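Chain and residue survey
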Amino acid sequence: MRIVALAGGIGGARFLRGLKEIVGPQDEITVIGNTGDDIHLFGLKVCPDLDTVMYTLGGGIHEEQGWGRADETWSIKNEMKAYGVGPEWFGLGDRDFATHIVRTQMLGAGYPLSAVTEALCDRWQPGVRLLPMSDDRVETHVRITDEQGPRVVHFQEYWVRLHAAVAAEAIVPVGVDTAKPAPGVLEALAAADVILLPPSNPVVSIGTILAVPGIREAVAAATAPVVGLSPIIGGAPVRGMADKVLAAVGVEATADAVALHYGGRGAPGGSGRPAGLLDGWLVDTADQAVVAAVEAAGISCRAIPLLMTDTDATAAMAREALALAEQVRR
């Protein structure tokens, strides 16, 4: 079985770890990772979502945080602070610095991000094929109004420094309009037996991937069933600030509203609306009441436990996603 998953950071990475537990050695998992969160810091190219997937599946993640390296130290950060060099609000540990140095050196030597990511994964052996959504530079920015007035900040500043405490007025993936899918992305979607949308942020993670020209169209046109898992439980995001960025695109923070945001495969686009993507949608048991509304939109829907409390619980979620995919297979 060839499984393709579109993934952002912590939620996507943890779901993938559960998915790996239930597939056979002959099955192939391709992960199309979000690069809209990428940022340049200290002269280095930092790819938070790609690294979170790589570290989580490769056994190097800081489990409590869900990001960064395990057993991290902070000597370089402290020395940078002593020199008065920032930003102080974004922490890169000593072990993590090595990844970004290698990536930046390879990019400077002319290698595309997809080749660099493959080389980094040679060390970590994540057990999946990890592809950036694009080799082109895309950075997600957020329009806000605060005490400094109307302005646009990088998504990392919005989330890490401002803690999403200011309302997001618009989400702007800079560069996405001219970006091209990375080598292998469209081919993987066309050849997939199942396409999964893990419980990653539907706007700044999966939404940014889908915004790369050609990717949303490839998902909509795929012969494989497309099944997503809700990142919203009981009207609130499991973690992060999906509710803040959903509001910026006019979508209510509910499990059924996110499903309708993605749209059903049986509801083609029109009047400026993009084609729908979903054949199936999993919501948490707390949201059992929305199942009928989702199914009325032409999307098969099931209510199951969606809290990734441990690997076994996450594996059960992945098993339900694949089972739903088989039920809706066209």
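All of the points below concern the structure found in this document. The numbers attached to residues start from 1 for each chain and follow its sequence in the written order. Restriction of local features to residues with pLDDT of at least 70 applies here, the model being predicted, together with a cutoff of 80 or more for giving and counting side-chain atom pairs; totals for whole chains, interfaces and linings are based on all residues. For the side-chain quantities, the full set of heavy atoms in the structure was used; hydrogens and water were omitted.

Now for the layout of surface pockets. As defined here, a cavity is a set of points on a 1 Å grid over the protein atoms alone where a 1.4 Å probe fits but cannot get out. A pocket is an open set with protein on both sides within 12 Å along at least five of seven lines, and residues line them when an atom is within 4 Å of a point. Grid points are joined across faces, edges and corners, and a volume is the space filled by probe spheres set on the points. Computed from the structure, the largest pocket encloses a volume of approximately 1,100 Å³. If you trace the largest pocket, you find 44 residues lining it, with Gly 9, Ile 10, Trp 67, Trp 159 and Arg 239 closest to the centre. A run of H or I in DSSP becomes a helix once it reaches four residues, and a run of E becomes a strand once it reaches two; helices and strands are each numbered from the N terminus. Mapped by element, the contributors of at least two residues to the lining of the largest pocket are helix H1 (10-22), helix H2 (48-58), helix H4 (94-108) and helix H6 (155-161). With five residues, the single largest contributor to the lining of the largest pocket is H2. When residues are grouped by polarity, Ala, Val, Leu, Ile, Met, Phe, Trp, Tyr, Cys and Pro land in nonpolar, Asp, Glu, Lys and Arg in charged, and all others, Gly among them, in polar. The class makeup of the residues in the lining of the largest pocket is 23 nonpolar, 15 polar and six charged.

What follows is about empty space enclosed by the protein. Once rolled over the atoms, a probe with the size of a water molecule shows which space is left empty. Counted under the stated rule, the structure contains one cavity of 30 Å³ or more. There is about 60 Å³ of room inside the largest cavity. Lining of the largest cavity is provided by His 62, Gln 65, Trp 67, Gly 68, Arg 69, Glu 72, Trp 74, Gly 91, Leu 92, Gly 93 and Asp 96. Looking at side-chain class alone, the lining of the largest cavity contains three nonpolar, five polar and three charged residues.

When the terminal C-alpha atoms of H4 are compared, their 21 Å separation across 15 residues agrees well with the 21 Å that a helix rising 1.5 Å per residue should span. Think of it in three bands: with a 1.4 Å probe and only protein chains considered, a residue is buried below 20% of the maximum accessible area for its type, exposed above 50%, and partly exposed in between. Along H4, the residues that are buried comprise Asp 94, Asp 96, Phe 97, Thr 99, His 100, Arg 103 and Met 106. The contact rule is simple, with two residues in contact once any of their heavy atoms fall within 4.5 Å. Where H4 is buried, its residues meet strand E4 (44-46), H2, helix H3 (75-82) and helix H5 (113-124). A positive backbone phi angle near 105° is found at Gly 110, which sits one or two residues after H4. One less than the residue count of a helix, multiplied by 1.5 Å, gives the span that helix is expected to have.

A separate point is unusual backbone geometry. Between Gly 86 and the following residue, Pro 87, the backbone shows a cis peptide bond with an omega angle of 10°. Note that Pro 87 resides in the loop between H3 and H4. Of note, the phi angle at Gln 125 is positive, near 50°, even though the residue is not glycine. Along the chain, the position of Gln 125 falls in the loop between H5 and strand E5 (129-132).

To continue, consider the packing of aromatic side chains. For Phe, Tyr and Trp, rings pair up if their centres lie within 6.5 Å, where Trp contributes its six-membered ring, and each pair is then called stacked (planes under 30 degrees apart), edge-to-face (over 60) or tilted (otherwise). Counted according to the given criterion, the structure contains four aromatic pairs. A ring pair is formed by Phe 42 and Phe 97, whose centres lie 5.9 Å apart and whose planes are at 45°; its orientation type is tilted. Of the two residues, Phe 42 sits in the loop between strand E3 (39-41) and E4 while Phe 97 sits in helix H4, which places them 55 residues apart along the sequence. Ring centres of Tyr 55 and Trp 124 lie 5.3 Å apart, and the angle between their planes is 70°; on these two criteria the pair is classed as edge-to-face. On the criterion of sequence distance, the pair formed by Tyr 55 in helix H2 and Trp 124 in helix H5 is long-range, its members being 69 residues apart. Of the two residues, Tyr 55 and Trp 124, both sit in the buried class. For a lysine, the NZ atom is tested; for an arginine, the CZ atom; a charge sits over a ring if that atom is within 6 Å of the ring centre and within 35 degrees of the ring normal. Above the plane of the ring of Tyr 55 lies Arg 69, whose end atom (NZ or CZ) is 5.5 Å from the centre. The lysine or arginine in question, Lys 77, covers the ring of Trp 74, its NZ or CZ lying 5.6 Å from the ring centre.

Mapping Gln 105 onto the fold places it in helix H4. For the pair Gln 105 and Phe 90, spaced 15 residues apart in sequence, the C-alpha to C-alpha distance is 21 Å.

Next up on the list: the pairing of strand E1 (residues 2-7). Burial analysis of E1 places five of its six residues in the buried class, which makes it a mostly covered element. Here a strand pair is declared whenever DSSP counts at least two bridges between the two strands. Summarising the sheet, E1 and strand E2 (residues 28-33) pair through six bridges and their orientation is parallel. Bridge assignment links Arg 2 to a residue of E2, and that residue is Glu 28. Classification remark: right-handed applies to a crossover when, strands pointing away from the viewer, the course from the first strand over the helix to the second runs clockwise. Of the crossover connections in this fold, the one passing from E1 over H1 to the parallel E2 is right-handed. Pairing analysis gives three bridges linking E1 to strand E9 (residues 194-197), with the strands arranged parallel. By the bridge assignment for E9, Ile 3 is matched with Val 194.

The next point concerns the nonpolar core. In terms of nonpolar packing, the biggest core is built from 59 residues, with Leu 6, Leu 189, Tyr 262 and Trp 281 touching the most fellow members. It is helix H11 (residues 255-262) that contributes the most residues to this core, five residues altogether. In this structure Tyr 262 touches Leu 197, Pro 202, Ile 206, Leu 210, Arg 216, Ala 275, Gly 276, Leu 277, Leu 278 and Trp 281, once residues within four positions along its chain are discounted. As used here, the term nonpolar core means buried Ala, Val, Leu, Ile, Met, Phe, Trp, Tyr and Cys residues forming a set that is joined through side-chain atoms within 4.5 Å. Membership of the second largest hydrophobic core comes to 40 residues, among which are Ile 3, Ile 29, Leu 120 and Leu 322.

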